[in-house]
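Commentary on secondary and tertiary structure
If you want the building blocks of each chain, they are given just below.
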Amino acid sequence: MASSSQSSPPPPSTSLGYKSISGNSLPSSEASFVHPPPSSSAPSPDSLPTCDPTNPWFDSFSREIGLSSTRGSRKSSVTTRDGYGFEIEEGEREDEEGEEDLPKRRAKWIKVLNSLSLHEPQEIYNICCRWAKSSDNPPVSSTAPDGSTSPKSHSLSLLSLKSKLGLSSPLEALGTKLNKMMRNGVPKDMRGQVWWLCSGGYLLARRAAEKGEQSYEEIMEIINSAGVDSTGCLDLPLASEIEKDLRRTFPSNSHFNSQSGLSSLRTLLLAYSLRNPNVGYCQSMNFLSAFLLLNMDPVYAFWVLSSIIECMLPADYYTHHMVGSRSDQRVLLGCLSWKLPTLHAHLVSIGCASADDESVPMLEPLTCTWYLCVFVNSLPLPLALRVWDCFLHEGRKVLLRTGLTIMKVCQTDLLQQQDIAGVYEVIRNNSVVSGETSASKLISMCYDKSWIGSFPHDRIDKMRAKYRLQVEKERDDIERRRLLREEKRIKSEKERLEREEREREEREREREEMDETKETETEDVASLRCSLDDDVALPVPPPVLSTVKSVDVGVLQKAGGELEGKYADNRQSLVMLVGGGGGVKNE
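Every chain's residues receive numbers from 1 upward, in the order its sequence appears when written. Since the coordinates come from a predicted model, pLDDT governs what is reported: local features require at least 70, and pairs of side-chain atoms require 80 or more to be given and counted, while whole-chain, interface and lining totals use all residues. Side-chain figures throughout are based on the complete set of non-hydrogen atoms in the structure, without hydrogens or water.

**Focus on the overall build of the protein chain**
Put simply, DSSP H or I for four residues or longer makes a helix, DSSP E for two residues or longer makes a strand, and each gets a number counted from the N terminus. A tally of helices and strands in the protein chain yields 25 helices and zero strands. Classification of residues uses two cut-offs on accessible area relative to the type maximum, computed with a 1.4 Å probe and protein chains only: under 20% is buried, over 50% is exposed, and between them is partly exposed. Across the 587 residues of the protein chain, 45% fall into the buried class. Contacts in the protein chain between residues far apart in sequence, at least 24 positions, make up 75% of those at least 6 positions apart. Every residue pair with non-hydrogen atoms within 4.5 Å of one another is taken to be in contact.

Written out as structure tokens, the structure reads:
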């Protein structure tokens, strides 16, 4: 598995055009640069050829998706597409810039890569991973993935001067040459190998193996053994969220319109979410993964993605609150008052920025996509590829330079806008985004000190620290408000439950009182019934009485006396009986 640092690394793959590791011989034909065509369906992980991700050099095996898959079918396709599977309009350049001098550029790259192959993996890391030596490197990457400390970085101008004077070491000279070549662009069929070297993915894979962390193959076994839930997604954490974003990823790209392409993207995102549960999955990681899959095989894309998220960028770049990316965005927007003061003053005047703060938080919705997706879906493909060439070599300072260059390119149009909607429209559809600016011109402007000026590391570091504290405070305020809302909700819920409990007890009490009242009434009725049963039945009045119209008072008194004696206990009945006779005549 892991190659020892004491042994020489194996030679680069012949699929990159190498005939000899020791010499500078060129490929005999263009065919040696073309990868074998992919299979029609996505191969299972068990059928993938054996490869060693701890090796700085690619192993030679077929790519599932990428450069070769469109070349073989382009002639039979109705829609014209470029080598990466994206549609191209009529009259648009299909190839990247510099294709006319591709043989010369390829010869230079072969010479540099052959020179690199003579060094140990750690030395290759020190040369290729300039982002790990830069002072603006995040704390998590202050050491190389294998645990060793990276040497102090020097400015490229100083290294170039030392190289010209013959004072630089062979490694420094090779690093200076590589840096210039990265800024000039990497040939498309070598891009996967160069990105693999510059990202430090192989050393990250080696460190993971030494620490006993899960390998890509072990994670693939977990994914393959996972069942399917009721929604049809794999029964794995975040599988449903990943599934939602799959078809939103480059929907017009031919690779990701196929089941094999979607399967590769799904597997890569699931694999990383299992490797790093603290980050899991964040929207925009799907674009990073897809962009890597267009240039290299899944196992290499997995470790390069891991290096980008875990080493090249701050650890909280893709977490829930995105503190790292938000603070970097504010550094970019804060640089407006420093690099483009006229534009910043105008943005303040139209209400897009605060005069008390250098940053322009209202523009964060636009810059968020720039930073999280590393300009993948914000720039035309040739420009995005060139930005990635520099980013994977020099780190996140490339994002700052690229973003500020775009703002300066559209400064004239921005100064004519009078509201935030107009500002948004200009930034979304400027000459860089629309493709009117060439990739070479964009990169040239990014590094041209007469155009954008220099970026002293100390000042940038102070700005990063300042805005990071600002974003962390906002995060804490948001969390505090969330906790207050949650506490209020819990209190309200508790009061509601207590109120319902009191109402329930009140209803229970009323029910018990009603039951007691009903029981008492039942007892009274029973007692009355018993007393009536003990009483003597009243005699039926004589019929004659009902026909008596008038009765003499004397006769009545005599009759009453007799009756009173006999029916003393039924005096009231007697009066009623006599009264019902039709009336008493009192004379």
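**Notes on helix α8 (residues 216-225)**
Among the residues of α8, Y216, I219, M220 and I223 are the ones counted as buried. Viewed end-on, α8 has its buried residues packed into an arc of 105 degrees, placing them on one side of the element. Turned more than 90 degrees off the buried face of α8, the exposed positions are E221 and S225. For α8, the elements touching its buried residues are α10 (259-275) and α12 (298-312). The arc in question is the one traced by the directions running from the helix axis out to the C-beta atoms.

**Points about the nonpolar core**
Soluble, globular proteins show a tendency: their nonpolar side chains are buried together. Ranked by size, the top nonpolar core spans 131 residues in total, and within it Y318, L347 and W388 carry the most contacts. When residues of this core are assigned to their parent elements, the largest contribution, 11 residues, is made by α12. Excluding residues that lie within four positions of it along the chain, L347 makes contacts with L336, C352, A353, V360, L363 and V423. To define a nonpolar core, start from buried Ala, Val, Leu, Ile, Met, Phe, Trp, Tyr and Cys residues and group those joined through side-chain atoms within 4.5 Å.

**Brief notes about the packing of aromatic side chains**
In this scheme Phe, Tyr and Trp rings, the latter by its six-membered ring, pair at centre separations within 6.5 Å, and the angle between planes marks the pair as stacked below 30 degrees, edge-to-face above 60, and tilted otherwise. All told, the structure shown has 15 aromatic pairs when counted by the stated rule. Aromatic side chains W195 and W388 sit 5.5 Å apart centroid to centroid with 35 degrees between the ring planes, which places their arrangement in the tilted category. With W195 in helix α6 (residues 191-199) and W388 in helix α17 (residues 381-394), this residue pair connects regions lying 193 residues apart in the sequence. There is no split in this pair, since W195 and W388 are both buried. Between W196 and Y202, the aromatic rings sit 6.4 Å apart at their centres with planes inclined by 55 degrees, giving tilted as the arrangement. Of the two residues examined, W196 and Y202, each falls in the buried class. Each residue in the set F86, F250, F256 and F287 is aromatic and connected to the rest through ring pairs, giving one cluster. For a ring to carry a charge above it, either NZ of a lysine or CZ of an arginine must fall within 6 Å of the ring centroid while also lying within 35 degrees of the normal to the ring plane. Note that K339 overlies the ring of W338, its terminal NZ or CZ placed 4.4 Å from the centroid. Residue placement shows K408 over the ring face of W451; its charged tip is 4.5 Å from the ring centre.

**Examining the pattern of salt bridges**
Pairing of side chains with opposite charge becomes possible as their charged atoms draw close. Definition used for salt bridges: Asp or Glu carboxyl oxygen within 4 Å of a side-chain nitrogen of Lys or Arg. Taken as a whole, this structure holds 26 salt bridges when the rule is applied. Through salt bridges with shared partners, a single ionic network connects R326, R330, E364 and E474.

**A few points about helix α3 (residues 121-128)**
Here α3 lies mainly inside the structure; seven of its eight residues are buried. Those residues of α3 that sit buried are P121, Q122, I124, Y125, N126, I127 and C128. Contacts made by the buried residues of α3 are with α2 (102-116), α5 (170-184), α6, α7 (201-210) and α17.

**Some words on the environment of N429**
Position of N429 relative to the elements: it lies in the loop between α20 (420-428) and α21 (439-447). Whenever a nitrogen or oxygen atom comes within 3.5 Å of another N or O atom, the pair is scored as a polar contact, on the condition that within protein one atom can donate a hydrogen and the other can accept it, and that pairs from neighbouring residues in sequence are kept only if both atoms are in side chains. At 2.7 Å, the side chain of N429 forms a polar contact with the side chain of E425.

**Notes on the packing of helix α11 (residues 285-293) against α12**
Between two packed helices, both the angle of their axes relative to each other and the distance between the axes serve to describe the pair. With axes taken as lines fitted to C-alpha atoms, and helix axes fitted only over the stretch in contact, angles between N-to-C directions fall between 0 and 180 degrees. Across the interface, α11 lies against α12 with an axial gap of 9 Å and an inter-helix angle of 135 degrees. Comparing the axis directions of α11 and α12 gives the class oblique. Crossing hand, α11 versus α12: right-handed. Taken together, the residues of α12 that come into contact with α11 (itself represented by M285, L288, S289, L292 and L293) are P298, A301, V304, L305 and I309. For this classification, Asp, Glu, Lys and Arg are treated as charged, while Ala, Val, Leu, Ile, Met, Phe, Trp, Tyr, Cys and Pro are nonpolar and the rest, including Gly, are polar. For the contact of α11 with α12, the residue count by class is nine nonpolar, one polar and no charged. Angular relationships are summarised with four words: roughly parallel below 35 degrees, roughly antiparallel beyond 145, roughly perpendicular across 65 to 115, and oblique for the angles in between. Two helices that cross are described as forming a left-handed crossing if the nearer one is turned anticlockwise from the farther one by less than a right angle, and a right-handed crossing if clockwise.

**Side note on the confidence of the model for the protein chain**
Here the protein chain shows a mean pLDDT of 76. Residues at 70 or above account for 69%. Taking the mean pLDDT of every element in the protein chain, the minimum, 36, falls on helix α1 (residues 67-71) and the maximum, 95, on α11. For the stretch residues 1-49, pLDDT sits under 50, and the model shows 91 contacts to residues farther than four places along the chain or on other chains. When the criterion is pLDDT under 50, residues 580-587 qualifies, and its contacts beyond four places in sequence or with other chains add up to 13 contacts. Confidence of the prediction at every residue is given by pLDDT, a number between 0 and 100.

**Regarding a negative patch on the surface**
Nonpolar side chains (Val, Leu, Ile, Met, Phe, Trp, Tyr) are joined into patches within 5 Å and like charges within 9 Å, using only residues with over 30% relative accessible area and no salt bridge. Values of accessible area rely on a 1.4 Å probe in the Shrake-Rupley scheme; residue burial ignores everything except the protein chains shown. Only four residue types enter the charge count: Lys and Arg as positive, Asp and Glu as negative, with His and the chain ends excluded. Here the site of a charge means NZ on Lys, CZ on Arg, CG on Asp, or CD on Glu. Taken together, E510, E512, E513, D515, E516, E519, E521, E523 and D524 make up a surface patch of like negative charges. Residue position: E510 is located in helix α23 (residues 457-534). Overall, E510 belongs to the partly exposed group, its relative accessible area being 42%.

**Digging into a positive patch on the surface**
The grouping of K104, K108, K111 and K177 at the surface amounts to a positive patch. In terms of residue count, α2 provides more of the positive patch than any other element does, three residues in total. Within the secondary structure, K108 is located in helix α2.

**Re the environment of V387**
When you line up the elements, V387 lands in helix α17. Sequence separation between V387 and A439 is 52 residues, and the spatial gap between their C-alpha atoms is 8.5 Å. Setting aside chain neighbours within four positions, we find V387 in contact with F375, L379, V398, T402, L442 and I443.

**Examining the environment of D297**
Within the element layout of this structure, D297 appears in the loop between α11 and α12. According to the relative accessible area criterion, D297 is buried, its value standing at 3%.

**Side note on the state of the cysteines**
The definition used for a disulfide is geometric: two cysteine sulfur atoms within 2.5 Å. Taken as a whole and assessed by the stated rule, the structure comprises zero disulfides. C373 takes part in no disulfide bond, and the closest cysteine sulfur to it belongs to C368, at a distance of 7.9 Å. Given a relative accessible area of 4%, C373 falls into the buried group.

**With respect to unusual backbone geometry**
The phi dihedral of L238 is positive, around 70 degrees, even though this residue is not glycine. In this fold, L238 is placed in the loop between α8 and α9 (239-246). The exposure class of L238 is partly exposed, given its relative accessible area of 28%. One non-glycine residue, S284, adopts positive backbone phi at about 105 degrees. You can see S284 is positioned in the loop between α10 and α11.

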